[in-house]
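Here are the chains, one letter per residue:
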Amino acid sequence: MPLPGSNLLHPRFHEELRKSAVGDRGLPDDCVITRASTEPGTTDANGNWTPADPDTIYTNGARAQAMPTADTTVVVGDKLVTLHGYRVGIEAAADQVLVDDIVTITSSGDPHLANRPLIVRDVHYDTFLVRRLLLCDDHPEIPTADLT
């Protein structure tokens, strides 16, 4: 048991752990995380409304991984759609990500992940703060079958 006020870990332990976790091999994919804009959008002369472009929350490295036990079946329109669950790790400092933000993996070693929109369902926090872990699902309004 450590003495009161002391730490078992070296002061730079977390810093070095973060560096190794987010280096080229730790976050090999690229992603963009967006959120619906707070701007009102525009209406043209015909009365057609166009929403404002989403706000970009994060653009940088990521590591996406499917969670085979997290699939959910939902009804979208008149179809049954299976939503697959994913874990997405991003830089620990990206603490502005919220539930319902949209993660798009823009480049990946797995071509089936590229341009797949994922909706954030939960944001995990960690004492060691090595990576920010996002639990995501396929975006339910864009069925996975349409992406392959």
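Everything numeric in this text was worked out from a predicted model, so none of it was measured.

S.K.: Would you mind going over the pattern of salt bridges in detail, with residue names and values included?
M.R.: For the structure on display, the rule yields four salt bridges. Across the pair Asp 101 and Arg 35 runs a salt bridge whose closest N-O atoms are separated by 2.7 Å. Highlighted residues: Asp 101 in the loop between β5 (79-91) and β6 (102-107) and Arg 35 in strand β1 (residues 29-35), separated in sequence by 66 residues. When its relative accessible area of 2% is taken as the criterion, Asp 101 is described as buried.

S.K.: Go over the state of the cysteines, please, and point to the residues and values.
M.R.: Summed over all chains, the structure comprises zero disulfides. Left unpaired, Cys 31 is separated from the closest cysteine sulfur, that of Cys 136, by 9.0 Å. Judged by relative accessible area, which is 2%, Cys 136 ranks as buried.

S.K.: Could you give an account of the environment of Leu 133, with specific residues and numbers?
M.R.: Structurally, Leu 133 is set in strand β8 (residues 131-138). In this structure Leu 133 comes out as partly exposed when scored by relative accessible area, which is 28%. Expressed as a C-alpha distance, the spacing of Leu 133 and Ile 90, which sit 43 residues apart in the sequence, is 6.5 Å. Excluding residues that lie within four positions of it along the chain, Leu 133 makes contacts with Arg 87, Val 88, Gly 89, Asp 122, Val 123 and His 124.

S.K.: Explain the environment of Arg 63 to me, and be specific about the residues and the numbers.
M.R.: Its location among the elements puts Arg 63 in strand β4 (residues 55-76). Sequence spacing of Arg 63 and Ile 90 is 27 residues, and the spatial spacing of their C-alpha atoms is 6.7 Å.

S.K.: Please give an account of the nonpolar core that cites residues and values.
M.R.: Of all hydrophobic cores here, the largest spans 19 residues; its most connected members are Ile 33, Val 88, Ile 90, Val 103 and Leu 134. Taken together, the elements giving at least two residues each to this core come down to β1, β4, β5, β6, β7 (117-124) and β8. With near-sequence residues (within four places) excluded, Val 103 lies in contact with Cys 31, Val 32, Ile 33, Val 88, Arg 116, Pro 117, Leu 118, Val 120, Leu 134 and Cys 136.

S.K.: Explain the environment of Tyr 58 to me, using residue names and the numbers behind them.
M.R.: With respect to the element layout, Tyr 58 can be found in strand β4. Classification of Tyr 58 as buried rests on a relative accessible area of 6%. Along the chain, Tyr 58 and Val 32 lie 26 residues apart, while their C-alpha atoms are 5.6 Å from each other. Ignoring sequence-local partners within four residues, the contact set of Tyr 58 consists of Cys 31, Val 32, Ile 33, Ile 90, Glu 91 and Ala 94. Engagement of the side chain of Tyr 58 in a polar contact is seen with the backbone oxygen of Gly 61, the distance being 2.7 Å. At a separation of 3.4 Å, a polar atom in the side chain of Tyr 58 contacts the main-chain amide nitrogen of Glu 91.

Reading the values: rules and limits
Counting of residues starts from 1 at the beginning of each chain's written sequence and follows it residue by residue. At least 70 in pLDDT is required for a residue's local features to be given in this predicted model, at least 80 for side-chain atom pairs to be given and counted, and no such filter applies to totals for whole chains, interfaces and linings, which use all residues. Hydrogens and water molecules were not included; the side-chain quantities draw on all heavy atoms of the structure. One speaks of a salt bridge when a side-chain nitrogen belonging to Lys or Arg is within 4 Å of a carboxyl oxygen belonging to Asp or Glu. A run of H or I in DSSP counts as a helix once it spans at least four residues, and a run of E counts as a strand once it spans at least two, with each numbered from the N terminus. Classification of residues uses two cut-offs on accessible area relative to the type maximum, computed with a 1.4 Å probe and protein chains only: under 20% is buried, over 50% is exposed, and between them is partly exposed. Criterion for a disulfide: a pair of cysteine sulfur atoms at a distance within 2.5 Å. Contacts are residue-level and defined by heavy atoms, with any inter-residue pair within 4.5 Å sufficient. Here, nonpolar core means buried Ala, Val, Leu, Ile, Met, Phe, Trp, Tyr and Cys residues that are tied together by side-chain atoms lying within 4.5 Å of each other. Two N or O atoms form a polar contact when they lie within 3.5 Å of each other; inside protein one atom must be a possible hydrogen donor and the other a possible acceptor, and for residues adjacent in sequence the pair counts only when both atoms belong to side chains.

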